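# Close look at the chain arrangement
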Amino acid sequence: GNEKNEGEKENNNTAGAAGDVTENVSIDKLSIGFVPSRNPDEIITATEPLKNLLKEEMAGLGYDVKEVDITVGTNYEAVGEALSAGTTDIGFIPGGTYVIYDDDAEVILTSTRAGLSIDSDDPKEWNDNKPTAPTDVQTNYYRALIIAGPSDKGQALSEKVNNGESLTFDDLNDATWAVMSSSSPAGYIYPALWLQENYDKTITDLDNVVQVDSYGNAFARLAAGQIDILVTYADARRDNEAAWTSDFSRTQSIWDETNVIGVTPGIYNDTISVSKSKDSNIIDEAMKEALQEAFMNIAGTEEGKKVIAIYNHEGYQKAVPEDYDNEREAQKIVQSLK
Amino acid sequence: MIEFREVDKTYSNGVKALSSINLKLNRGEFVAVIGRSGAGKSTFIRCINRMHEITSGQLIVDGTNVAKLKGKQIRRFRRRIGMVFQSFNLVTRTSALHNVLVSFVPELPLWRKLTGIFPKHNKIAALTALDQFGLLDKAYVRVDQLSGGQQQRVALARTLAQRPDIILADEPIASLDPVTARQVMNDFREINEHMQIPIIMNIHHVEIALEYATRVLGFRDGTIVYDGAAKDVTPDILKEIYGEMEHQTHTVLEEAHAYVS
Amino acid sequence: MIEFREVDKTYSNGVKALSSINLKLNRGEFVAVIGRSGAGKSTFIRCINRMHEITSGQLIVDGTNVAKLKGKQIRRFRRRIGMVFQSFNLVTRTSALHNVLVSFVPELPLWRKLTGIFPKHNKIAALTALDQFGLLDKAYVRVDQLSGGQQQRVALARTLAQRPDIILADEPIASLDPVTARQVMNDFREINEHMQIPIIMNIHHVEIALEYATRVLGFRDGTIVYDGAAKDVTPDILKEIYGEMEHQTHTVLEEAHAYVS
Amino acid sequence: MKTAIQNQLNAAPSRVLYYTVTLTIFLILLIWSAAALDLKLVDESGRSIAAGIIWGLLQPDLDLLFDFSSKGVLYLLAETVAIAFLGTVIGAFLAIPFAFLSASNIVSSKVSFLFRILLIVIRTVPALVYGLMFIRVTGPGAFAGVLTISLASIGMLSKLYADAIENLDTRVFESMSSMGCSTFEKIRYGIIPQLFSIFLSIVIYRFDMNLREASILGLVQAGGIGAPLIFAMNAYRWSEAGSILIGLILLILLTELFSNKMRSKLIKG
Amino acid sequence: MYHKFVPPKRMTLPNGKIVTEKRSPAPLIILLVVIGIILSVRFTEFDIQVLLNHWDKFFDIVRWMIPPDWGFFTELWRPLADTIKMSLLGSILGSAAALPVAYAAASNMIRSRIMISLVKVFLSILRTLPTLVTALIATFIFGLGTTAGTVAIFLFTLAYVGKLLYEQIENADMDAFEAMESAGLKRIEAFRYAIMPQVLPVYLSTALFCFEGNVRYAAILGYVGAGGIGFLLQESLGWRDYSAVGMILFMLIVTVFLIESISEYFRKRLT
Ligand SMILES: Nc1ncnc2c1ncn2[C@@H]1O[C@H](COP(=O)(O)OP(=O)(O)OP(=O)(O)O)[C@@H](O)[C@H]1O
Ligand SMILES: Nc1ncnc2c1ncn2[C@@H]1O[C@H](COP(=O)(O)OP(=O)(O)OP(=O)(O)O)[C@@H](O)[C@H]1O
Ligand SMILES: [Mg+2]
Ligand SMILES: [Mg+2]
């Protein structure tokens, strides 16, 4: 984070109090961190326009931002630690990550997106009505799915679910699972919660678990039959539909070869969080408001929509830390299970 | 038993090391090969057991045309020819016994070759060979802990263990002190006289050569300029072998003198 | 010029290495110090330039009471005394020239000491010193690539470059082969005779000591048991210096003999 | 057979027990560790993936290789070199005090033992963890990479330096004091010339390694070519990975060639 | 090169001899290094100010690691054993495979120039690949788990030990080898009995050294899914459970210390 001189800070405070912006506050650099829930260079390319959009919006709100620096973390921890230490000012991070690092980070916005055509607790319903499609309704939560792949074991599990039978823990334990980093909500936490609620077990109780570092990687391995089950966000199959037949060289479509065998409760959407660290002393109350305003405005523009679509965000709602109390609970349960 | 017929040897870099060598060596002889540095002495010796290939001519050892041998035949042929080197060429870091045992390796079955576990009769043969040179008590000592003279004797024991028909020696005493050098020369004489094994030896020390050898070959620029009995060598012949340059001959003879003094 | 008056030296561990040494050494002498191992030869030499402190008595070098010197004075005093060691004690990994240059270091201004950039006249002086020992062409060669004899000559050149009034040498030829040893001894003789620099040398090789030195000091158990001209040393005197044990004396003399043979 | 020979034969130092014990321990360890192998997954798919990888690597994305923008291989390589270079230089200096403090001929054996342990600690902590620690200081980027590399270098450099210090030839001290040199002069002209070229050659060797190490830093967002490489591989974009790997291999081979030359020159003089 | 452009310095001794001294390339090298540093500082946005202001943040995580979560040991020892297994097996197999490869790369053993260069280039390229990348590729082929890690370590060890070994072989004393050839041994037999005893101590001590380093490497292989303690490390970092991370590092340090002490002992005995 960069520093701003005292005079400007006071100036900004009085301006904010008076409610009208007379002179813009100058900010050298605003750094934004993204988590790698998609391929990082896709994120970098897609978010390039965000720099100017943000500068323009912030200028209108009384802040002259000289430089916007965007980095995509290679893992969630790097973004979290940077935000917590104040070396990154703003983070586009999932709720789960926010909760882990909330000692020095504060949520200001929650993303919203169009809900899916299916929003059921029952896996069979997902399989009967596939493929899933987007709808117009904006929601601020999503679900994680436990998906079985084209391997023999995967097929057996799918069949059982589609026949309306319920799976036993032994069924699941027989298969090889791929999970994401343990702070990933759809890739770890909520599936763990699902195991806890349904079988009173957790991911570490499974015998064959491998960890992968991206959903794309997980799908690739699912396609190759190296794993039988992966856990992911509900939209993931739509995102990997093309790669399934091209890059992963399967002949049949992803919808034919994969089935949902479990559905988790709703997960509060990604956050935009800011650093509370005193080292990132550009972020004050007025600045937070300005940022909230700016991002909501950006989400309202055509160009902005394109940018945030990379994370499947479609809009933003103001958020307060208490919104994520459920998430905190979830993590407590998962961590205590370790 | 060893016959050179018009033998030529040219190295790949174009150096002609031997030219038109015609020679017949006989059983029981102790041949000293003398000549200035670069005269072709080492090349001559090494052609005999095909450590070097001759370029043209014929080299016949015990009726075999050496040039015609291939692969395994060469190796079998080499086993019949023992060779002793100036720097002893022992395997350092291992015992004297082990060094002698190595000469049995080609006859071992594969698993023994790999593991290096030698049968008992080989060990006895090797110990016997060491005993012949008074080195029995040094059998388990690492060769790098032996003196130069003892090392050369281990090398001799190794060569004898091979039960060779001929022994070639390339300046075997060059790195030994005068006293030890004589002891080693005595060993050679013993082998030659008692076991009737012919010896062909390159040697720089003229005095010693004349004292021990029965026959002397003088090399100069790749050709043989003298071939005759050791007792017939005169200062003039030495001058011919070692060149006209007064100074050169002088020092060589002087050296030879200093050596035996 | 060097005078020992009732000098005693007891090491901190209680070993009495020198006791009641009384002695006067003169300009131009070539003094050989002989004696059995542990007799105190090294201690004696090292007391002269205060590498060791004497315990009692007086040591006067050119009118200075050495024991009274302090800090910088000691260092200035030492510069006048050159010292040569058995193991040459050169700075490895640097050139011969650099090693000789080191002897000028104490006289350089601070910035040159730090940067190691020597003035041209120092370089010329160092090269001249190397030239005196026929090492001019080795000036830029790293000393670890020189032979033992060449290394000892670099050490000599370094000592000479210091323009010493006296040269002390602690077994300078002990690690050299016989031939090289003699060359180095000849160098010492040359320095002694032509430059009239007195030399005090510890040496184990009695024959060589007697051949080169003008005066011999025989040490035994920390005292001087013989002090006289080299030519006057008799086998009896050697027996006195080297002890009664028949065997011991015998081998030392034998060694001495073998060495020069 | 002569009894003397018989005696010597029996006197053969028996190493049988020694060899049996060593061999048994070795075999037990081998069998124990062989449990790590689980070859059941090497099946048809594994083979086809291998084929895919090789096919992809052999068809590198040449556009990317010769792309001069900040996303191209050349730029990323330059960044990697800069990280490794600066990291090595900093590490090389920081390692010097550690080396002296862990050399048993310089300090007491207790101090040297303590510092040896400290060096093991420094060496053992994975670069990834250092990366996270430094991100808290500098934020993500090449800067964090430089610091991580310097810290990771210290562990190994100090150890190699210390070995060199322990092999110091101290005899020269004696002759220098006999020449009237002060302590400072002894260090400057007696120690430094001995150590300098060895240290330098160690540092060059380490630079070589750091170049490889810099690729791992990608995992913690510390700049360089590592991150794009790992992402490309994770996404099965083998031709992209291929072009990055080709660049990396060429760079490292060149560096190695250069560093071998330099080092043999330094050691042999 | 340098000496072609910079003329040597000439000095005349009082006795008239002329000495030419090559100019030291040191100033040029220092200049290049300084330029390199300046460029690198620019490139990496190195900022000493930031470091001076925030260096204490480096120790945040260290502080959070203390005290380590001792209870974590129960979960830790199994993956730690996996990590050790992985590196042990990889090191043993890699060192064993290095022997024939080094033989094939040694210019004094093999006559075919082509063969030698091929093997040498193969070793160079293998060494160039960072272990993590090899591990990642291995996970694609052998699946996720310790097998992939073992393969990565195997390849690294092969490349590393192989190179050092062929250098040793090429520098070995050929005298005994020659004697054995003259005694009718095959080249490979002569190698076994003349060269092996010479290179064995260095070979074994290199292998031990490599094993030591491999344990450290193996600890991070979990990051790319290659099994062992790295997975736990990743998970604990993910949960920001630094006392568990502290425990992992502690165990790792103890292990490395033990291995290093043991192998130091053997290395001293070998050489
Ligand atoms: N491997 C080789 N390749 C090319 N030329 C060689 C080789 N070995 C020897 N020569 C050359 O062949 C000539 C004869 O060498 P040879 O070694 O036979 O001489 P020598 O009489 O043994 O000399 P010395 O007494 O020095 O051992 C010399 O000119 C030598 O330079
Ligand atoms: N630094 C020291 N501390 C204690 N005692 C010492 C020391 N140096 C030498 N001594 C002892 O002092 C005595 C004389 O040693 P000195 O080295 O002078 O003998 P030397 O005649 O030079 O023997 P050598 O021929 O073996 O070099 C010996 O008993 C020796 O053990
Ligand atoms: Mg020869
Ligand atoms: Mg002494």
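Residues numbered from 1 in each chain as written. Chains lettered and ligands numbered in written order. Predicted model: local features only at pLDDT ≥ 70, side-chain atom pairs only at ≥ 80, totals over all residues. Heavy atoms only, no water.

## Observations concerning the overall build of chain E
This is how it is decided: Every helix listed is a DSSP run of H or I at least four residues long, and every strand listed is a run of E at least two residues long, numbered separately from the N terminus. In this setup the radius of gyration rests on C-alpha atoms only. A globule is expected at 2.2 Å times the number of residues raised to 0.38. Any two residues whose heavy atoms approach within 4.5 Å at even a single point are treated as in contact. For accessible areas, the Shrake-Rupley method is used with a probe of radius 1.4 Å. Any residue's cover is judged against the shown protein chains and nothing else.
Broken down by element type, chain E carries twelve helices and two strands. Ordered by position from N to C terminus, the α and β elements of chain E give α-β-β-α-α-α-α-α-α-α-α-α-α-α. Taking 18 Å as the expected radius of gyration for a compact globule of 271 residues, we find that chain E reaches 25 Å, considerably beyond that expectation. Overall, chain E is about 80 × 60 × 35 Å in size when its C-alpha atoms are taken along their principal axes. Look at the contacts in chain E between residues 6 or more apart in sequence, and 70% of them connect residues 24 or more apart. Per element, the accessible surface of chain E, about 11700 Å² overall, is 69% carbon and sulfur.

## Remarks on a negative patch on the surface
Inclusion rule: Here, patches come from residues exposed beyond 30% relative accessible area and free of salt bridges, joined within 9 Å for like charges and within 5 Å for nonpolar side chains (Val, Leu, Ile, Met, Phe, Trp, Tyr). Any carboxyl oxygen of Asp or Glu within 4 Å of a side-chain nitrogen of Lys or Arg constitutes a salt bridge here. Here the positive residues are Lys and Arg and the negative ones are Asp and Glu; neither His nor the chain ends is included. Where a charge sits is defined by one atom per residue type, namely NZ (Lys), CZ (Arg), CG (Asp) or CD (Glu).
A contiguous patch of negative charge, built from D170(A), D174(A), D200(A), D205(A) and D207(A), is present on the exposed surface. With respect to the secondary-structure elements, D174(A) resides in helix α7 (residues 169-174).

## Topic: the UniProt feature "domain: ABC transmembrane type-1" (unreviewed entry) in chain E
Quick note on the threshold: UniProt positions are given in the numbering used here, feature names are shortened, and annotations may be inferred rather than shown by experiment.
Taken from the UniProt record, the annotation "domain: ABC transmembrane type-1" (unreviewed entry) applies to residues 80-260 of chain E. Structurally, residues 80-260 of chain E is divided into 84% helix and 0% strand, and its ends, taken at the C-alpha atoms, are 16 Å apart.

## Observations regarding the sheet that holds strand β8 (residues 199-202) of chain B
Residues and elements named next belong to chain B. Basically, it comes down to this: Here the rule is simple: two strands pair whenever DSSP picks up at least two bridges between them. Orientation is described by lines fitted to C-alpha atoms, with helices fitted over the stretch in contact, and by angles between N-to-C directions that extend from 0 to 180 degrees.
Within the open sheet, the six strands sit side by side as β6-β7-β8-β3-β9-β10. Their pairing is mixed. Strands with a single pairing partner mark the edges of an open sheet, and in this sheet they are β6 (81-84) and β10 (223-229). Sheet twist, expressed as the average angle between the axes of neighbouring strands with direction ignored, equals 15°. Note that strand β3 (residues 30-35) and β8 share four bridges and pair parallel. The residue bridging F30 from the neighbouring strand is I199, located in β8. Packing against the sheet, helix α1 (residues 41-48) makes contact with β3, β6, β7 (166-170), β8 and β9 (215-220), and its axis sits at approximately 150° to β8. Packed on one face of the sheet, helix α9 (residues 235-242) meets β3, β9 and β10 and runs near 60° to β3.

## Brief notes about the interface of chain D and chain A
What counts here: Reported buried area values correspond to the accessible surface (1.4 Å probe) lost by two parts on association, with both partners' losses combined. Identification of polar contacts relies on pairs of N or O atoms within 3.5 Å, with a donor-acceptor requirement for protein atoms, meaning one able to donate a hydrogen and the other able to accept it, and with residues adjacent in sequence counted only if both atoms are side-chain atoms. Residue type decides the class: Asp, Glu, Lys and Arg count as charged, Ala, Val, Leu, Ile, Met, Phe, Trp, Tyr, Cys and Pro as nonpolar, and the leftover types, Gly among them, as polar.
At the interface, 21 residues of chain D touch 25 residues of chain A. Both faces considered, chain D and chain A share a buried interface measuring about 1900 Å² in area, 54% of it formed by carbon and sulfur atoms. The largest share of the area that chain D buries against chain A comes from R136(D), F231(D) and Y236(D), three residues that together contribute 31% of it. One can count one salt bridge joining chain D with chain A. The closest approach of N and O atoms between R136(D) and E81(A), which form a salt bridge, is 2.5 Å. There are three residue pairs in polar contact (both at pLDDT 80 or more) connecting chain D and chain A. Per-element tally for the side of chain D that touches chain A: the top contributor is helix α7 (residues 127-138) of chain D, with five residues. For the side of chain D that touches chain A, the class distribution of residues is eleven nonpolar, six polar and four charged.

## Here we look at the arrangement of the chains
Ranking by contact count across seven pairs of chains in contact places chains D and E at the top. Left apart from each other, chain B and chain C have a closest C-alpha approach of 9 Å.

## What to know about the UniProt feature "transmembrane region" (unreviewed entry) in chain E
Residues and elements named next belong to chain E. When the UniProt feature table is mapped onto this chain, "transmembrane region" (unreviewed entry) is found at residues 26-43, 86-106, 118-142, 148-166, 215-233 and 245-266. As annotated, residues 26-43 has a helix share of 100% and a strand share of 0%, and its two end C-alpha atoms lie 25 Å apart. Measuring from the first to the last C-alpha atom of residues 215-233 gives 14 Å, for a span that is 63% helix and 0% strand.

## Remarks on the nonpolar core
Inclusion rule: As used here, the term nonpolar core means buried Ala, Val, Leu, Ile, Met, Phe, Trp, Tyr and Cys residues forming a set that is joined through side-chain atoms within 4.5 Å. Relative accessible area decides the class of each residue, using a 1.4 Å probe on protein chains only: under 20% of the type maximum gives buried, over 50% gives exposed, and in between gives partly exposed. All domain edges in this entry derive from an automatic or database-based domain assignment.
Grouped together as the largest cluster of nonpolar side chains are 252 residues, with contacts concentrated most on W177(A) and F188(B). Looking at this core, the element that brings in the most residues is helix α10 (residues 187-221) of chain E, giving 14 residues. Both domains that furnish three or more residues to this core are identified here as domain 1 (10-64) and domain 2 (68-270) of chain E. Residues in contact with F188(B), not counting those within four places in the same chain, are F30(B), V84(B), L156(B), I167(B), A169(B), P172(B), I199(B) and M201(B). A96(C), L108(C), A209(C) and L238(C) belong to the second-largest nonpolar core, a separate cluster that totals 67 residues.

## Describing the site of ligand 1
Residue and element names in this part refer to chain B. To keep it simple, the criterion reads: Throughout, the term near means that a residue has one or more heavy atoms lying within 4 Å of the molecule or strand in question.
Not every one of the 14 residues close to ligand 1 is listed here, only the nearest: S37, G38, K41, S42 and T43. S37 is positioned such that a nitrogen or oxygen atom in its side chain is 2.4 Å from an oxygen atom of ligand 1. Taking A39, its main chain carries an N or O atom lying 3.2 Å from an oxygen atom of ligand 1. Within the complex, the protein chains bury 64% of what would otherwise be the 630 Å² of accessible surface of ligand 1. Tallied by class, residues from the shell around ligand 1 come to four nonpolar, seven polar and three charged.

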